[in-house]
Amino acid sequence: MRPLRDPAKLAAAASSQRHLREIHAHLLVSGRIASPSHLAAFLASLASSSSDDDDDGDLSYARLLLPRRPATLLAHNSLLRALARGRRPHLAFGAFRDLPLVPDNYSFTFLVRAATALAAAAASALDAALIAGSVHASALRHGHAGDPHVQSGAVSMYAAAGDVGAARAAFAEIASPDVVCVTAMVGALATGGEADAARELFDGMPQRDHVAWNAMIAGYVHTGRSREALRLFDEMRHAGAAVGEVTLVSALTACAQLGALERGKWVHSCAHSRGMRLSVTLGTALIDMYSKCGAVAAAMEVFDSMGERNVYTWTSAVSGLAMNGMGRDCLALFKRMESTGVEPNGVTFVVVLRGCSMAGLVDEGRACFDSMKSNHGIDPWLEHYGCMVDLYGRAGRLDDAVNFINGMPLEPHEGVWGALLNASRIHKNVELGKYAMDKLMAIESKNDAAHVLLSNIYADSQNWKGVSNVRNMMKAKGVKKVPGCSAIEVGGKVHEFFVGGKTHPRHKEIEMMLAEMNQRLRLQGYIANTKEVLFDIEEEDKEDAISLHSEKLAIAFGLVALPEDMEIRIVKNLRVCEDCHDYTKMISKVFNREIVMRDRNRFHHFKDGACSCKDYW
């Protein structure tokens, strides 16, 4: 065998255990393995090449070669570093425990890196905090917590664990944090809900790499500040920072939150123009964006074009069909997922059950629920039970819903009682609504949506005393109703409208269009549905109040500002009321416009006077 200078390259080229032993023998004979640096490189390469849980041969071989009484930690630390950087960072902890000498600052630098990866993937915040805290405590005991690399790594580690307080404390101990450390702190603050503090730190950075930009953008997305995320994304591009897949995935998520389809399409074309491969992560983000913008065909086109998919990709596609009311298509895709051997997870079943609920597929939904444990070994979560109550309740099977709750092996949570309360509203069952409300208030006394639902039940039955009691209850508890808000994208910019709002720059045109809409609809027989107006006032005043709902303002602006052949797409933060739903159906016919509306529960696709939900929502 012709000698090579780098033993690591030899190890990487090994095709079998026998080949590995031949390489080792060659290194022994040539004397190269006697060099501490060559041994370290050889061990690190062996550890790196053992990449899956079922093949520990190279790693086991590496451990056999470790010197039992080394003069230095070089070889052991090399193995530790390789494990910390690899796919199985938990193995680094075993290697750390096996150190034959007292660990040095390099040992802890690599252990902190392994803990960062484990904390990020931990099943719970408590597990992540325990991992991070134990490693930091060990570094303190051995006197290496003050090492600059360990300090910087500790900030990243606590950031990954979601422990903002500990990250702040670790960051405060660093005299001159480098860009990596500051970036980690920006990410910790942003994802921890302290986006303003993160932005202040970010703006104060003398130098920012693409990682810092990505951390701040992702933080805005994580806290629901999507407009700021997209503005910062634009600043990043103009600053010339490297825009990669991570950046675009965050931008797509922001577009999904806003329902900004045109902007999302632009991000998609940006990825394409840069020659980016349609990876699992990027493809899944695109499916999610198109689905949450109501563009189901585009979402499925991306799904079908992907060469590789994981459970998250399938779940995202199934969810897209479910939220757009395509229950049978959702079930069909779920069956296709099972047939390909991709094992569904708990989230997959949540979205499948929601799809069945929205389409009224009671028997099919029950079969899916039963298959969770029997076919896939998944114990139902509280969310699954809530979906089943919603499934029975929407279909009018209220007794079945109550019996299902009574038979639950878990204590019902707010989602279960909320689903029963909503079913009571749909089917105008006042007594059951009061029962569900009492149960819900015992768990979550300041749930504004629940109070509004009960008010709607009373208002629908003309029980104004009941409405007044609920309003007094809300006032006493300090519960405030979230104001209705509808957003529409025009020319790449998202415009927001609130009920009765008059601040839009084109308000006069919107007002004129509203008058035209009302006139044309009345000629077609439209009569305002005022049953959900929560005030005992004159009918004319109720009609005035309901005529200025935020979605009507957004539709009026869409008719004014968008080309006649373009769909009007609206995102609303609350459930669309019955009057606005009927009103929008008529608008789609009278003005010959397709309207896609996403409310807090689902999508409504209005066309030719009908809605995709078939009035079942």
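All figures in this text were calculated on a predicted structure; none of them were measured in a lab.

## Describing the overall build of the chain
The helix and strand inventory of the chain stands at 32 helices and 6 strands. Counting the 617 residues in the chain, one finds 51% classified as buried. A separation threshold of at least 6 residues defines the contact pool for the chain, and within that pool the share at least 24 residues apart is 62%. Of the roughly 29000 Å² that the chain leaves accessible, carbon and sulfur atoms contribute 52%.

## Details of the side chain of S550
Along the polypeptide, S550 turns up in helix α31 (residues 550-561). A distance of 3.4 Å separates the side chain of S550 from the side chain of E551, its partner in a polar contact. Ignoring any residue separated from it by four or fewer positions in sequence, one finds S550 in contact with G484, C485, S486, F497, F498, V499 and K572.

## Notes on the sheet that holds strand β3 (residues 568-572)
What links the strands of a sheet is backbone hydrogen bonding, and the strands pair in either a parallel or an antiparallel sense. As summarised here, the arrangement of the 6 strands in space is β2-β1-β3-β4-β5-β6, forming an open sheet in which the pairing is mixed. If you trace the sheet from one side to the other, it starts and ends with β2 (493-498) and β6 (610-611), each paired once.

## What about the packing of aromatic side chains?
What the rule picks out here adds up to 12 aromatic pairs. Measuring from centroid to centroid gives 5.3 Å for F96 and F108, while their planes differ by 65 degrees, and the two rings are edge-to-face. Here the residue F96 occupies a position in helix α6 (residues 91-97), and F108 occupies one in helix α7 (residues 105-120), the gap between them amounting to 12 residues. Like F96, the residue F108 is buried in the burial classification. Ring centres of F497 and F557 lie 5.6 Å apart, and the angle between their planes is 50 degrees; this geometry places the pair in the tilted category. Linking F497 in strand β2 with F557 in helix α31, this pair joins segments that are 60 residues apart in sequence. In this structure F557 comes out as buried when scored by relative accessible area, which is 2%. Taken together through their ring pairs, the aromatic side chains of F369, Y385, Y392 and F404 make up a single cluster. Positioned over the ring face of Y583 is K552, at 4.5 Å from the centre of the ring.

## Some words on the layout of surface pockets
Quantified by volume, the second largest pocket comes out at close to 770 Å³. Lining the second largest pocket are 32 residues, with S152, G153, S156, V180 and A184 sitting closest to its centre. Of all the secondary structure elements, the ones that give two or more residues to the lining of the second largest pocket are α7, α9 (148-161), α11 (179-191) and α13 (210-222). When the residues that make up the lining of the second largest pocket are grouped by side-chain class, the tally is 15 nonpolar, 12 polar and 5 charged.

## Concerning the pattern of salt bridges
Under the defined criterion, the tally for this structure stands at 25 salt bridges. Between R225 and E228 there is a salt bridge, and its shortest N-O distance comes to 2.7 Å. Between D379 and K373 there is a salt bridge, with its nearest N and O atoms 2.7 Å apart. Judged by relative accessible area, which is 48%, D379 ranks as partly exposed.

## Let's talk about the UniProt feature "repeat: PPR" (unreviewed entry) in the chain
As annotated in UniProt, the feature "repeat: PPR" (unreviewed entry) corresponds to residues 209-243 and 310-344 in the numbering used here. Each end of residues 209-243 is marked by a C-alpha atom, and these two atoms are 10 Å apart; helix forms 74% of the span and strand 0%.

## Some points on empty space enclosed by the protein
Following the criterion strictly, the structure yields 2 cavities of 30 Å³ or more and no others. The computed volume of the second largest cavity comes to approximately 30 Å³. Lining the second largest cavity we find L258, G259, A260, A487, I488, E489, V494, R569 and V571. Elements with a minimum of two residues in the lining of the second largest cavity: β1 (485-490) and β3. At 3 residues, the largest contribution of residues to the lining of the second largest cavity is made by β1. For the lining of the second largest cavity, the residue count by class is 6 nonpolar, 1 polar and 2 charged.

## Here we look at the packing of helix α17 (residues 280-292) against helix α18 (residues 296-305)
Packing of α17 against α18 brings their axes to within 7 Å, and their N-to-C directions diverge by 165 degrees. It follows from the interaxial angle that α17 and α18 lie roughly antiparallel. α17 and α18 meet at a crossing whose hand is left-handed. From α17, G283, L286, I287, Y290 and S291 reach across to α18, where they touch V296, A298, A299, V302 and F303. Residues of the contact of α17 with α18, tallied by class, amount to 8 nonpolar, 2 polar and no charged.

## Things to note about unusual backbone geometry
For K428, which is not a glycine, the phi torsion comes out positive at approximately 55 degrees. Judged by relative accessible area, which is 47%, K428 ranks as partly exposed. Phi is positive for N592, close to 50 degrees, though the residue is something other than glycine. Its location among the elements puts N592 in the loop between α32 (578-590) and β4 (595-598).

## What to know about the pairing of β1
Burial of β1 is extensive: 6 of the 6 residues sit out of reach of the surface. Neither face of β1 is left uncovered, since the one carrying C485, A487 and E489 and the one carrying S486, I488 and V490 both have all their residues buried. With 6 bridges connecting them, β1 and β2 associate as antiparallel partners. Its bridge partner lying in β2, E489 is registered against V494. Once β1 ends, the chain turns through 2 residues before running back antiparallel as β2, passing G491 with a positive phi of about 60 degrees.

## Digging into the pairing of β4
Alternating residues of β4 divide into I595 and M597 and V596 and R598, and every residue in both groups is buried. Where β3 meets β4, 4 bridges bridge the pair, whose relative direction is parallel. If you follow I570 over to β4, its bridge partner there is M597. Here β4 folds back onto strand β5 (residues 603-607) in antiparallel fashion, the turn holding 4 residues.

Reading the values: the criteria
Residues numbered from 1 in each chain as written. Predicted model: local features only at pLDDT ≥ 70, side-chain atom pairs only at ≥ 80, totals over all residues. Heavy atoms only, no water. Helix = DSSP H or I, 4+ residues; strand = E, 2+ residues; numbered from the N terminus. Buried < 20%, exposed > 50% of the residue type's maximum accessible area, 1.4 Å probe, protein only. Contact = heavy atoms within 4.5 Å. Areas by Shrake-Rupley, 256 points an atom, 1.4 Å probe, with all protein chains shown as cover. Polar contact = N/O pair within 3.5 Å; in protein donor to acceptor, adjacent residues only side chain to side chain. Pairing = 2+ DSSP bridges. Phe/Tyr/Trp six-rings, centres within 6.5 Å; stacked < 30°, edge-to-face > 60°. Lys NZ or Arg CZ within 6 Å of the ring centre and 35° of its normal. 1 Å grid on protein atoms, 1.4 Å probe; cavity = no way out; pocket = protein on both sides within 12 Å on 5 of 7 lines; lining within 4 Å. Points joined across faces, edges and corners; volume = space filled by probe spheres on them. Nonpolar A, V, L, I, M, F, W, Y, C, P; charged D, E, K, R; others polar. Salt bridge = Lys/Arg side-chain N within 4 Å of Asp/Glu carboxyl O. UniProt positions renumbered as here; feature names shortened; annotations may be inferred. Axes fitted to C-alpha atoms, helices over the stretch in contact; angles between N-to-C directions. Parallel < 35°, antiparallel > 145°, perpendicular 65-115°, else oblique. Left-handed = near helix turned anticlockwise from the far one by under 90°.

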